[in-house]
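Residue-level structure breakdown
Residue strings, one per chain:
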Amino acid sequence: MLLFISPDRAQKKIKENTRARRLQLELTQEGLAVRSGVPLPTIRLFEQKGTISLTSFLKIQTVLGGLEDILNATQIPENHFSSIDEVLKAENKPLRKRGIRK
């Protein structure tokens, strides 16, 4: 499914969803800070403006139960072949370890 959403809109939605999940778990910002190890001012800034480091965001998601969903969302999809020709073609291609585009 392809969504047309800007990075700014996605950032806003992520901060809203994170705050909603915190409230659903009946955690205060202070409680989340203690449990996650993320400083309280960082959590406040994130819930207000949406800015946060990836490390702090992942720590918060660990407490809120969203870390596994993030890992699943960034997982590389498996190849689904529709014919034996596609399988044979894929077997002959070496797996690239570097990108080719600049």
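Look above for the structure.
Predicted model, so just to flag it, every value in this text is computed and none were measured.

**Details of helix α1 (residues 7-24)**
Here α1 is 18 residues long and its end C-alpha atoms lie 25 Å apart, about the 26 Å a rise of 1.5 Å per residue gives. Residues of α1 that are buried include every one of Lys15, Thr18 and Arg22, and no others. One face of α1 carries all of its buried residues, which in axial projection span an arc of 65 degrees. Each element contacted by the buried residues of α1 is listed here: α2 (29-36), α3 (40-49) and α4 (54-64). Looking one or two places after α1, you find Glu26, whose phi comes out positive at around 60 degrees.

**Details of the side chain of Ser56**
With respect to the helices and strands, Ser56 occurs in helix α4. Residue classification places Ser56 among the buried positions, given a relative accessible area of 14%. Every residue in contact with Ser56, bar those within four places of it in the chain, is listed here: Val38 and Thr42.

Criteria and thresholds
- All residue numbers refer to positions counted from 1 along the written sequence of the respective chain.
- Predicted model: local features are reported for residues with pLDDT of at least 70 only, side-chain atom pairs are reported and counted for 80 or more only, and whole-chain, interface and lining totals are derived from all residues.
- Heavy atoms from the whole structure form the basis of all side-chain values; hydrogens and water molecules are not counted.
- Here a helix means four or more residues in a row that DSSP labels H or I, a strand means two or more in a row labelled E, and each is numbered from the N terminus.
- Under the convention used throughout, the expected extent of a helix is 1.5 Å for every residue step, that is, one less than its residue count.
- Only protein chains enter the calculation, and the probe is 1.4 Å; a residue is then buried if its accessible area is under 20% of its type maximum, exposed if over 50%, and partly exposed in between.
- The arc refers to the directions leading from the helix axis to the C-beta atoms.
- Working rule for contacts: check all heavy atoms of both residues, and any pair within 4.5 Å makes them a contact.

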